[in-house]
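# Tertiary structure, described
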Amino acid sequence: MPCTDDRNSAGRLTVDLDALVRNYRAIAARTAPVPVAAVVKADAYGLGAGPIAAALADAGCRRFFVAHLLEARRLKSRLPDDAALFVLNGLTPGAEPEAADLGVIPVLNTLPQVRAWAALAAERGGALPAAIQLDSGMSRLGLAPAELDALLAEPALLARLDLQLVMSHLACGDAADGSASEQQLAAFLAQADRLPPAPWSLSNSAGSFLDARFHFDLVRPGLALYGAEPHEIPGRALEPVVSLQARVIQLREVPAGARVGYGYSFETPRPMRLATIGIGYADGWPRALSNRGAAWLGEIRLPIVGRVSMDSTILDVSALPADALAEGGLVELIGPHQSLDAVAAAAGSITHEILTGLGPRLHRSYHGTQS
Ligand SMILES: *Cc1c(COP(=O)(O)O)cnc(C)c1O
């Protein structure tokens, strides 16, 4: 559970639900009339699947995706009754009855998964709602062409599926060179065409910003809803949804030659003022930012010095006026001066990883629609 006490937590994660809804509408305007589903796996990328899904449902979203049945179980009761909840990773053998009782739609990725779901449907004397994923080139999840052949050879199996979606996933949707996506599009078309009629879906955030040929009947953005750019194209009108502030837990003055942090990886070249903030790699603040990232206070950049520790990080705050920062004060880690994308780039990571890593010790507060 997230900390409920802002002051006693590692930092303050603020989620702007109005910006979230504006992003949802901006993507929907872009893909209209194709509807936008919300990918809320990994606790809505760390932002809190409950409040995120509730805000999007209020804005009209009726299709949601999680990765695991466990996530679906936690979320289902918080969604409107007429919302569809898809489970991207399919079902573990034996989990079928629970999934059916819960009323979720498994994305069936393998022939054994199709068989198990069809068998349960037969047992219950009907058809069960299902999505089928096709592997259009990524070799991660979904039926390979030969497995699709095998499935089509058994019409009795398909008859047990109430096919709600046929989908695949782009491996290189954000690549400047679109040739890999074109190949996947062609492969998906050829394979999906062989299945009984159903809505089709191929695109995540990046694909939602490709041309309409990639949109089919449903797009499935995650990251773009949360305001991070899948890649830089001006004029997308996506807004940041998340800001992160960390609290100063100690201030000190050190002489030249002071050694800083684990491994003494930094030695002060001159007398410095240092601030230790109470956020570390256990909170998802990347250790790769040791001696390279920064925090901000107003317009002033505060470089990280020494290694990022598990629960704390040390900043060089020498550039600040002496009374600008006190113990207990807050500095900006993600916000107007430092985007999520900038943090990811500095850490040699991607925005998805930074966002989903932000941990439960950060106090989450929600602004906008719900408050
Ligand atoms: C995670 C995921 C998405 C959303 O991806 P983003 O890059 O966050 O938009 C869509 N579809 C599938 C199958 C996924 O696994």
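Residues numbered from 1 in each chain as written. Predicted model: local features only at pLDDT ≥ 70, side-chain atom pairs only at ≥ 80, totals over all residues. Heavy atoms only, no water.

A word on the sheet that holds strand 3 (residues 63-66). The strand order across the open sheet formed by seven strands is 2-3-4-5-6-7-8, and the pairing between neighbours is parallel. Of all the strands in the sheet, just strand 2 (38-39) and strand 8 (200-201) have a single pairing partner and so form its edges. Where helix 4 (residues 69-76) meets the sheet, it contacts strand 3 and strand 4 (84-87), and its direction lies at approximately 160° from that of strand 4. (Pairing = 2+ DSSP bridges. Helix = DSSP H or I, 4+ residues; strand = E, 2+ residues; numbered from the N terminus. Contact = heavy atoms within 4.5 Å. Axes fitted to C-alpha atoms, helices over the stretch in contact; angles between N-to-C directions.)

Turning our attention to the environment of I27. In this fold, I27 is placed in helix 1 (residues 17-31). As a C-alpha pair, I27 and W200 span 173 residues in sequence and 18 Å in three-dimensional space. In this view, I27 contacts V36, S208, F209, P221, A224, L225 and L238; residues no more than four positions away in its chain are not counted.

Our next topic: the packing of helix 1 against helix 3 (residues 49-58). Between helix 1 and helix 3, the least distance of the axes is 10 Å, while the angle of their chain directions is 50°. The orientation of helix 1 with respect to helix 3, classified from their angle, is oblique. The two elements helix 1 and helix 3 cross, and the hand of that crossing is right-handed. Side by side, helix 1 and helix 3 meet where L17, L20, V21 and Y24 of the first sit next to P51, I52, A55 and L56 of the second. (Parallel < 35°, antiparallel > 145°, perpendicular 65-115°, else oblique. Left-handed = near helix turned anticlockwise from the far one by under 90°.)

The description of an aromatic ring pair rests on the distance of the ring centres and on the angle between the ring planes. Taken as a whole and judged by the stated rule, the model has five aromatic pairs. An angle of 15° between the planes, with centres 4.6 Å apart, marks the rings of F65 and F86 as stacked. Highlighted residues: F65 in strand 3 and F86 in strand 4, separated in sequence by 21 residues. On the basis of relative accessible area, F65 is assigned to the buried category, the value being 0%. Residue F86 is classed as buried on the basis of its relative accessible area of 3%. Judged by centre distance (5.7 Å) and plane angle (70°), the rings of F188 and W200 are edge-to-face. One end of the pair, F188, is in helix 9 (residues 179-192); the other, W200, is in strand 8, with twelve residues separating them in the sequence. (Phe/Tyr/Trp six-rings, centres within 6.5 Å; stacked < 30°, edge-to-face > 60°. Buried < 20%, exposed > 50% of the residue type's maximum accessible area, 1.4 Å probe, protein only.)

So, on to the site of the ligand. Close contacts around the ligand come from 14 residues, with K41, Y45, S205, L223 and H352 the closest. Within the side chain of N204, one N or O atom sits 3.4 Å away from an oxygen atom of the ligand. Contact between the ligand and R220: a nitrogen atom at 3.0 Å from a side-chain N or O atom of the residue. In isolation the ligand exposes 390 Å². Once the protein is present, 92% of that is buried. (Near = heavy atom within 4 Å. Polar contact = N/O pair within 3.5 Å; in protein donor to acceptor, adjacent residues only side chain to side chain. Areas by Shrake-Rupley, 256 points an atom, 1.4 Å probe, with all protein chains shown as cover.)

All right, on to the nonpolar core then. Within the largest apolar cluster, 117 residues are counted, with the highest numbers of intra-cluster contacts made by I52, F64, W117 and Y226. Leave out the neighbours within four places in its chain, and F64 touches A38, V40, A53, L56, A57, L79, A83, A84, L85 and F86. Grouped together as the second largest cluster of nonpolar side chains are eight residues, V254, V260, V305 and I314 included. (Core = buried A, V, L, I, M, F, W, Y, C linked by side-chain atoms within 4.5 Å.)

So far we have only geometry, and geometry alone does not tell us how the molecule works.
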